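Geometric and topological summary
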Amino acid sequence: MPGLVVFGRRWGIASDDLVFPGCFELFVRVLWWIGTMILYTYHRGHFDCNGRGVLHSYLVGLLVVLALIILSLLAIVYVSARGTITNSGPRRSIPALVYLRALLYLPELVWACLGAVWVSDDSQGCDPATVGAVIAAVVASWIILLFTGVGVVFVFDPLGNPRPQPAAMEPLGVPDMQSNEGAQFLFTARSLAVKVWESRLRLLCCCLPQDESHRAAFSSIAQLFTRFFSDTDLVPSDIAAGLALLHQEQDKMEQSRDPEVIIDHSPSSPIGEDLETELEKAAHCMQFAAAAYGWPLYIYSNLLTAPCKLSGDCCHCQECSFIYEIPFFVALDHKREAVLVAVRGTLSLKDVLTDLSAECENLPVEGVSGACYAHKGICQAANYIYKKLINDGILNQAFNIAPEYKLVITGHSLGAGTASVLAVLLRSSFPTLQCYSFSPPGGLLSKALADYSKDFVVSVVLGKDLVPRLSMPNMEDLKRKILKIVSNCSKSKYRILLQGCWYELFGGDPDDFPTEMDDRREEELSQPLLGEESLMIRHSSSYQSLASDDSPAHTAAHLPLFLPGRILHITEDGPSRRSVYCSVRYRADWSNEMAFRSILISPRMLADHMPDAVLGALGSLTTDRPFSLCPSSSNNSQHHTI
C-alpha cells in the first residue's frame, strides 16, 4: 500500500509484495545456475559434438544471464523487505529494479530460442544427458516466461491507468473538491469502476442468461462494490496482513476478558425450559434445512459412500431459470404436526447474485412502526416463494391434508434469510407460524422488523460464523480496522504474513506488534490513507474515525440491518484451540443482535457456517450423538413431501 506504479500505471500489487515470489524464483534460479555450471564444467575443453560452438556459447551466455537475474532478484527481495506497509520510502528503488528485471527477460528469451535451435539442428552425436539438460533449460525458460505472463495478467488493474487530476487540487474535504472539474473527474472515475466491475461479473457468470434481470443485478452489485472499494489503495496482500493482525488483536482482547462460568448444556441440565425446548425444535428443523441442499450436501458429508448410493439421481436436479428464484420444498411433518417449508441456501451462481444484491428495499408490514426495509435480493427471493405458496395453492393443498397443523418455515444461510422474510410476509395470514433461521445473513432486517420478528423467529448462530456478521456497516467497520492496524504496525508485511500463518496453523500467544505512530496526532490519523496514483479522490466516512471505534460517521453511509428474531448463540466449551482427537463440547445461550455488529477473524469463521457443522452442534446439545445426514426408513415414515 499504495499499489506499485510501473510502466505508467498502478498495479494490483505493492512494492513489498515481491519478497515471497522473489525468494521462490531466486531458489529456482540458483539451482538452475548450479546445474548449468556443472554441465559447463563437465564439457569444458572437450565440446566434441556437432554444434559445439553454439553449445559453448549457449552455456556461457546462460550462466551470465542467470547470474544477472540472480543479482537482480537479490536486490528486489532485499529492497522489498524493507519499510512497513504504509512507509514505502525505503522501497522507492523498486520500480527501477522491476524495469531491470523485465529487461533481463529479453536475453533470456533469446537464449531460450538459441537452445531450441541447437537441440533441433545441431545436437546429433552429443551426449544424451547433455541434450536432455539443454532441453530442460529451454523448457524451464519458457515455463517461467509463461508464468510471468500469467502473473502480469493476474495483478493487472483495469482501473490503474493514471489519469490527469483536476488542476489546483486541494486537500480532501475542502470546498474546491466540489468544483465542476473535480466533480466531473470523480464521476468519470466512478463510471469506469462500475463498468469494470460489471465486466468482471459478466465474465464470472458467463454461463448465466444475459437477460434484463441479470443485467440489472450486475449493475446493482457493481455499484455496491465500487462504493466499497473506491476510497482505498489497498492491495490483496494488505488485506491479508490486516486480517492476520486483527485476528491476533481480537484473540488478545478475548484472552484479557474475565473468564465466564462454563455450564454443561446437556438436555438434563437446568438451562431453562425455554432454551431447552427451542434447542430441541431447532435441532429437528435443522434436518429439513440441511435436506433442502439435496444431493450436494449429502455427497459432501459422505464422500466415500454417497456417490454409490445416489448413483444417477444427481443428474435429476434442476436449477431455477431466473435470479432470485430459490429452490424450496414443503413437507408434512407428522412428528411435530407441522406444515414445514424449507428453503435452500446458497448453492449456485444465481444464489451468489442474490446474496450480493445487498441494497435495501422497502418492506412495509401492517402494524409495525418505524422504518421497514430489508436486504433487496432476499426480499425478492421471499416474494417469489410467497407467490408460489399462496398463488399456486401449495399451502392450501398442505392444509387441506392436515388442517390442524401449524406452519413452520426454516432454512440455512441464504435460505435462513429468505425464510425469515417469508415469515414476516406470512405472519398476518398465519399468526401461529414459527420460523427457525440457521446462520442467517447479518444484514437482513431493519431494527423495527427485527424487533417485530422476535415473537416468531429464532435465529441459530454457531461460533464465529462469518455470515451472521456480514452487513455493509460491518464491512465498512472491518475496512476501517484494517486500515488502522496496518497503518500503525511497524513490522514489514512479509513478517506479518509469516507470523500470521504460523499463528493460524500452530497457535501460540498473539503478537504485540509495536507501532510506529503511537505519538501521531489524532487529527492526522483521521486523514485518508490513499496512494498518490489512486483514481478515487473522494473523502470516505471510513476514514473519519480511524482513532475512534465508536464514531457514528462510519455507520451513516449505509442503513443498518440486523439479524432476525431471537438469537440462539452456540459456542464451544473450553479453549479455542484443541487437539483434533478431542471431542467438542458446546454451550448455548440467548444473545442479541448487537453482539454481531463486528466481524470476528478466525479459522472457524467459514467452517462454522457449514450446515453439517450446525447440524452436528445442535445434535450434540440435544442428544448423545449428532444427527445424521443419511436417510432412514424410520424418518421417512414421519414426513410427506408436497
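Residues numbered from 1 in each chain as written. Predicted model: local features only at pLDDT ≥ 70, side-chain atom pairs only at ≥ 80, totals over all residues. Heavy atoms only, no water.

Our focus in this paragraph is the packing of helix α8 (residues 236-256) against helix α18 (residues 493-506). If you want to describe how two helices pack, look at the angle between their axes and the distance between the axes. The interhelical angle for the contact between α8 and α18, taken along N-to-C directions, is 50°, at an axis separation of 9 Å. Comparing the axis directions of α8 and α18 gives the class oblique. The crossing of α8 and α18 is left-handed. Contact with α8, carried on its side by Ser237, Asp238, Ala240, Ala241, Ala244, Leu245, His247, Gln248 and Asp251, involves Lys493, Ile496, Leu497, Gln499, Gly500, Tyr503 and Glu504 of α18 and no other residues of that element. Considered class by class, the residues forming the contact of α8 with α18 number seven nonpolar, five polar and four charged. (Axes fitted to C-alpha atoms, helices over the stretch in contact; angles between N-to-C directions. Helix = DSSP H or I, 4+ residues; strand = E, 2+ residues; numbered from the N terminus. Parallel < 35°, antiparallel > 145°, perpendicular 65-115°, else oblique. Left-handed = near helix turned anticlockwise from the far one by under 90°. Contact = heavy atoms within 4.5 Å. Nonpolar A, V, L, I, M, F, W, Y, C, P; charged D, E, K, R; others polar.)

The buried count for strand β2 (residues 9-14) comes to five of six residues, which makes it a mostly enclosed element. Here strand β1 (residues 3-6) runs beside β2; their pairing, made up of three bridges, is antiparallel. Directly across from glycine 3, in β2, lies its bridge partner alanine 14. What sits between the antiparallel neighbours β1 and β2 is a turn of two residues, in which phenylalanine 7 has the positive phi angle 55°. (Buried < 20%, exposed > 50% of the residue type's maximum accessible area, 1.4 Å probe, protein only. Pairing = 2+ DSSP bridges.)

Turning to helix α20 (residues 611-622), a few remarks are in order. Taking 1.5 Å as the rise per residue, α20 with twelve residues should run 16 Å; its terminal C-alpha atoms sit 17 Å apart, in good agreement. Counting buried positions over the twelve residues of α20 gives ten, a clear majority of the element. Regarding α20, the residues found buried are Pro611, Ala613, Val614, Leu615, Gly616, Ala617, Leu618, Gly619, Leu621 and Thr622. (Expected span 1.5 Å × (residues − 1).)

In the numbering used here, UniProt assigns the feature "transmembrane region" (unreviewed entry) to residues 18-42, 54-78, 98-119 and 131-156. The span residues 54-78 is 100% helical and 0% strand by assignment, and the distance between its end C-alpha atoms comes to 36 Å. Secondary structure over residues 98-119 splits into 95% helix and 0% strand, and the C-alpha atoms at its two ends are 32 Å apart. (UniProt positions renumbered as here; feature names shortened; annotations may be inferred.)

This paragraph deals with unusual backbone geometry. Despite not being glycine, serine 413 shows a phi value in the positive range, around 60°. Structurally, serine 413 can be placed in the loop between β7 (406-412) and α15 (414-426). With a phi close to 55°, serine 439 is a non-glycine residue in the positive phi region. Positionally, serine 439 belongs in the loop between β8 (434-438) and α16 (447-452). The exposure class of serine 439 is buried, given its relative accessible area of 0%.

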